[in-house]
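Single-letter residue listing:
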Amino acid sequence: MIDLHCHIIYDTDDGAKDIENSISMIKEAFQAGFTKICCTPHYLAPQYVKSKQENFEKLNIIKQRVKEENIDIELFLGNEIYITNDIKELIKTEEVSTMANTNYVLVEFPMMFKTYLAESEINDLISRKYNVIIAHPERYSYVQKDIRFLDSLIQKGVYFQGNYESLLGKYGNQAKKTLIKLIKEKKIDFLSSDNHKENSTYTKMNKIIKVLKKYAKDEYFDNITKYNQEKVLKNIVFK
Ligand SMILES: [Fe+2]
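A. Representation of helix α8 (residues 205-215). If you check which residues of α8 are buried, you get M205, I208 and L212. With its buried residues spanning 60° around the axis, α8 presents them on a single face. Turned more than 90 degrees away from the buried face of α8 sit N206, K210, K213 and K214, all of them exposed. Of the surrounding elements, those touching the buried residues of α8 are α1 (19-32) and α9 (218-233).

Here it is in structure tokens:
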């Protein structure tokens, strides 16, 4: 499996606190069967504003430890960018990182209210040839209320990343039901952990996979756990 969304870079957001935390989480991911991880710290001004360079330096320290400890996992850098009207500028000035230096960007929406930026900013990014991935659509209250909110985004060719642990009800019953519906309709392109701490999603993967297999079969299961993620890392457009 490949994870495209997690908070395992230490001391950069509300995820891993120190390098030991980061390494433990990576070991858990490896045990669960992940071979590649794109690390995506929050970018949300003013709380979380570590630059691409700062995150990259920490990731290199983590990579060194991973190598010393012989953990066979490949690490890449991205960001989970909270929607704002200047994402293109943030990319240009290297305040944020695209996914593994590709044209893919991971964008988060507000949980409780719709924003006009969802339309205008996404249009702008797409017109500049970025491939937009929306993080965990099942967690947004307005998507839970009316899944058709996603229709215009689907028409634009936006990609959707669901959180594995939504399937166990971590974010409530509505999020769980919404993700199952999106999976059944094959509207989810990737599942990822959004893991923030040790002893969390990575250690529950056996249970999660059992639930997932009820709703995602054969080729679609492989696509949303691995193959589509591989395309992102190779910068291949598939929508
Ligand atoms: Fe996240």
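B. Molecular detail of the nonpolar core. C39, V105, V107, V132, I133 and I134 are the most contacted members of the largest nonpolar core, which totals 65 residues. Looking at this core element by element, the count peaks at 5 residues for helix α7 (residues 173-184). Apart from the residues lying within four places of it in its own chain, the contact partners of I134 are V107, F109, L153, V158, F160 and Q161.

C. Inspection of the sheet that holds strand β9 (residues 190-192) at higher detail. Strand order in the open sheet formed by 6 strands is β3-β5-β6-β7-β8-β9, with parallel pairing between adjacent strands. Either end of the sheet is taken by a strand with one partner, and the two such strands are β3 (42-43) and β9.

D. Expanded view of the pairing of strand β7 (residues 131-135). In terms of burial, β7 is a largely internal element, 5 of the 5 residues being buried. Going residue by residue along β7, you find N131, I133 and A135 tucked away on one face and V132 and I134 tucked away on the opposite face as well. Handedness of the β-α-β unit built from strand β6 (residues 104-108), helix α4 (residues 117-127) and β7 comes out right-handed. Here 3 bridges tie β7 to strand β8 (residues 159-163), and the two strands are oriented parallel to one another. Note that in β8 the partner of I134 across the bridge is F160.

E. Quick look at the sheet that holds strand β4 (residues 74-77). Read from one edge to the other, the open sheet built from 3 strands follows the order β1-β2-β4, with strand pairing classed as parallel. Strand pairing shows two members of the sheet lacking a second neighbour, β1 (2-3) and β4, which therefore form its edges. Contacts from helix α2 (residues 52-68) reach β2 (36-39) and β4, with the element oriented near 175° to β4.

Calculation rules
Residues numbered from 1 in each chain as written. Predicted model: local features only at pLDDT ≥ 70, side-chain atom pairs only at ≥ 80, totals over all residues. Buried ≥ 20, exposed ≤ 12 C-beta atoms within 10 Å, placed from the backbone. Helix = DSSP H or I, 4+ residues; strand = E, 2+ residues; numbered from the N terminus. Arc of directions from axis to C-beta. Contact = placed C-beta atoms within 7 Å. Core = buried A, V, L, I, M, F, W, Y, C linked by C-beta atoms within 7 Å. Pairing = 2+ DSSP bridges. Right-handed = clockwise from strand over helix to strand, strands pointing away. Axes fitted to C-alpha atoms, helices over the stretch in contact; angles between N-to-C directions.

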